[in-house]
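Each chain is listed here by its residues.
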Amino acid sequence: MSLKIYDWPTGPFPARVRIALAEKGLLSKVEFERVNLWKAEHKSAEFKQKFNYSGTVPVLELEDGTIIAEVNAIITYLDNLDDNQFLTGRTAAQKGVILNMTRRAELEVQEAISTYFHNSTPGLGPQVEIYQNKEWGIYQLEKGLRGLRHFDDVLQNQPYVAGDEFSMADIALIGGMLFVSVMNIEVPSDLKALLAWYKKVQERPSVKQQADLGFLDG
Ligand SMILES: N[C@@H](CCC(=O)N[C@@H](CS(=O)(=O)O)C(=O)NCC(=O)O)C(=O)O
């Protein structure tokens with residue numbers, strides 16, 4: 001099996017797929033092709049038509065040309081390549097709770113901080129940021145900080161984001177924490193359960209390699 005992923009090697013969203021690939025032991029099966037976000041290659045008509053109408057990365061291309069272009073969908077595909085679906089859940093309840101907490105981590109943290117990045121900072125530059133709303137970005141930053149506090153509450157009562165085991169939901173929150181770190185946003189020191197969880201998950205080999213590897217280096 002050979003898979004191809006179009007991405008930006010140090011981006012917080014692509015990092016989530018790399019973590020999932022490593023967790024599933026599939027990193028060696030994948031060819032990565034860089035899409036230069038700083039040159040707006042992901043916003044070109046060709047990229048949108050061929051790979052992803054939404055103009056984002058990562059995008060997974062299967063051997064038969066099938067395209068899967070959302071992080072959670074890519075992880076779901078990868079997790080179902082064998083019969084050990086520990087990232088997306090084995091039972092109906094696990095699948096539901098994991099997806100619920102994955103989306104909450106995206107909506108309340110990673111996408112909130114990403115919106116701040118694209119609206120209230122130079123973001124990926126004027127070729128990409130053709131519309132910005134500074135105030136909206138600041139509001140989203142505050143939402144992201146509230147989200148971190150929510151997950152601190154969640155993690156005071158359970159070891160992982162969706163319950164007793166590491167899952168796709170933890171990977172989503174790791175993506176949020178990578179964006180927080182890349183943006184040099186300080187995580188309040190009283191969020192002890194969140195910080196302890198982050199320290200714990202960073203010990204996983206799949207995560208160790210995904211420190212914020214200079215995403216903003218362009
Ligand atoms: N909904 C998409 C969002 C993906 C996304 O925002 N990817 C970022 C990659 S990175 O910023 O994390 O490297 C992107 O393409 N950003 C470029 C842009 O938004 O212009 C998903 O979940 O896959």
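The text that follows walks through the structure, step by step, so that each part is easy to find. (Residues numbered from 1 in each chain as written. Predicted model: local features only at pLDDT ≥ 70, side-chain atom pairs only at ≥ 80, totals over all residues. Heavy atoms only, no water.)

### Re the site of the ligand
Then, number 1: As a matter of local geometry, the ligand sits amid 16 residues, with Phe 13, His 42, Val 57, Glu 70 and Val 71 nearest to it.
Then, number 2: Backbone polar atom of Val 57 to a nitrogen atom of the ligand: 2.7 Å apart, as the coordinates give it.
Then, number 3: Note that an oxygen atom of the ligand is positioned 2.9 Å from one of the backbone N or O atoms of Val 71.
Then, number 4: Contact with the protein chains removes 90% of the 550 Å² of surface that the ligand exposes when unbound.
Then, number 5: The cavity where the ligand resides is the largest pocket.
Then, number 6: Broken down by secondary-structure element, the contributors of at least two residues to the shell around the ligand are α1 (12-23) and α4 (92-120).
Then, number 7: Among the elements that take part in the shell around the ligand, α1 stands out by supplying three residues, more than any other.
Then, number 8: Residue classes in the shell around the ligand are distributed as nine nonpolar, four polar and three charged. (Near = heavy atom within 4 Å. Polar contact = N/O pair within 3.5 Å; in protein donor to acceptor, adjacent residues only side chain to side chain. Areas by Shrake-Rupley, 256 points an atom, 1.4 Å probe, with all protein chains shown as cover. 1 Å grid on protein atoms, 1.4 Å probe; cavity = no way out; pocket = protein on both sides within 12 Å on 5 of 7 lines; lining within 4 Å. Sits in = over half its atoms within 2 Å of the grid points. Helix = DSSP H or I, 4+ residues; strand = E, 2+ residues; numbered from the N terminus. Nonpolar A, V, L, I, M, F, W, Y, C, P; charged D, E, K, R; others polar.)

### Let's talk about unusual backbone geometry
Then, number 1: With an omega of 10°, the peptide bond between Val 57 and Pro 58 qualifies as cis.
Then, number 2: Mapped onto the fold, Pro 58 is located in the loop between α2 (45-50) and β3 (59-61).
Then, number 3: With a phi close to 60°, Ala 40 is a non-glycine residue in the positive phi region.
Then, number 4: Along the polypeptide, Ala 40 turns up in the loop between β2 (30-34) and α2.
Then, number 5: Here the phi dihedral of Asn 184 falls at roughly 55°; this positive angle occurs in a residue that is not glycine.

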